Amino acid sequence: MAKYIRRVLIVVVIVLGIFTAFQFKNYQKKIEIRDDAMLYFEEHDYKKAISYLEEGRKHMTIFDGGLDLDMTSYLAESYYQLGDYESSLKVCNEILDKNSNNQNIYLLKGENYLAMDDTETAVSTYKDGWKNTKSFTFLEKICDSYMDNGDFEQALKYAKEGAESSGKNAAEFLFKEIVIYENANDYASAYENAEKYVELYPEDERGIKELKFLTTRITDKK
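Residues numbered from 1 in each chain as written. Predicted model: local features only at pLDDT ≥ 70, side-chain atom pairs only at ≥ 80, totals over all residues. Heavy atoms only, no water.

Draft legend 1. How the structure looks around the nonpolar core. The biggest cluster of nonpolar side chains holds 52 residues, and the ones touching the most others in it are Ile142 and Ile178. Once residues within four sequence positions are removed from consideration, Ile142 is found in contact with Val123, Tyr126, Lys127 and Tyr158. (Core = buried A, V, L, I, M, F, W, Y, C linked by side-chain atoms within 4.5 Å. Buried < 20%, exposed > 50% of the residue type's maximum accessible area, 1.4 Å probe, protein only. Contact = heavy atoms within 4.5 Å.)

What follows is the structure, encoded as structure tokens:
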């Protein structure tokens, strides 16, 4: 019985060894294909890059180490650069289904919708990005999108949400509030916020310049 078990163990070890060797070879091949794809990507030959990236993704291996995510991300970017937004979105969704806190992919997904002139869905994507990553980049994108569309009320809502944070993020969104009021031609509110901003950040040159500019836009200064 003991001899039989030893034989079984030997067979198992051999099989595992062959399997591991095969997987490692597959991994090495995948790296080579990825490197070739990057050469074409850097040369802006996105069709060639896509061809290699799609081929590389077929080489399944247990030695991934983030390689598959890396290749899939470049695949989504390559489709975007080619103007094939539908394909890029499909790949973006594939990534987000597995990793819902991937900031870069939310941003790329939003850029795809903007390129398709679908601002509403782009903003919805940025909101999902904010919800899942808490990256203030998304709040900035949301504010800018609403401001570009003339929806200053919504832009202010998200700017104020960002201003409730601390440190550098608060300063960025407090300044953005000034810009939103200015774009809405509400110079009195912009001036009032600029005064508060300069009081909080007296060494911030952009705040000082903005306050000086706004003095030329109002007639009743405090």
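Draft legend 2. Molecular detail of the packing of helix 9 (residues 168–183) against helix 11 (residues 205–215). Here helix 9 crosses helix 11 at 20°, and the two axes come no closer than 12 Å. Comparing the axis directions of helix 9 and helix 11 gives the class roughly parallel. For the element pair helix 9 and helix 11, the recorded crossing hand is left-handed. Residue-level inspection shows Ala171, Glu172, Phe175, Ile178 and Glu182 of helix 9 in contact with helix 11, the latter providing Arg206, Gly207, Glu210, Phe213 and Leu214. When grouped by side-chain class, the residues that make up the contact of helix 9 with helix 11 number five nonpolar, one polar and four charged. (Axes fitted to C-alpha atoms, helices over the stretch in contact; angles between N-to-C directions. Helix = DSSP H or I, 4+ residues; strand = E, 2+ residues; numbered from the N terminus. Parallel < 35°, antiparallel > 145°, perpendicular 65-115°, else oblique. Left-handed = near helix turned anticlockwise from the far one by under 90°. Nonpolar A, V, L, I, M, F, W, Y, C, P; charged D, E, K, R; others polar.)

Draft legend 3. Molecular detail of the packing of aromatic side chains. Under the criterion given, the structure shown has eleven aromatic pairs. Judged by centre distance (5.9 Å) and plane angle (55°), the ring pair of Tyr80 and Tyr85 falls under tilted. Between the aromatic rings of Tyr197 and Tyr201, the centroid separation amounts to 4.9 Å while the plane-to-plane angle is 45°, which identifies the pairing as tilted. When its relative accessible area of 1% is taken as the criterion, Tyr197 is described as buried. Taking the relative accessible area as the measure of exposure, Tyr201 reaches 25% and is therefore partly exposed. An aromatic cluster of at least three residues, connected via ring pairs, comprises Phe41, Tyr46 and Tyr74. Positioned above the aromatic ring of Phe175 is the side chain of Arg206, whose terminal nitrogen or guanidinium carbon lies 4.4 Å from the ring centre. (Phe/Tyr/Trp six-rings, centres within 6.5 Å; stacked < 30°, edge-to-face > 60°. Lys NZ or Arg CZ within 6 Å of the ring centre and 35° of its normal.)

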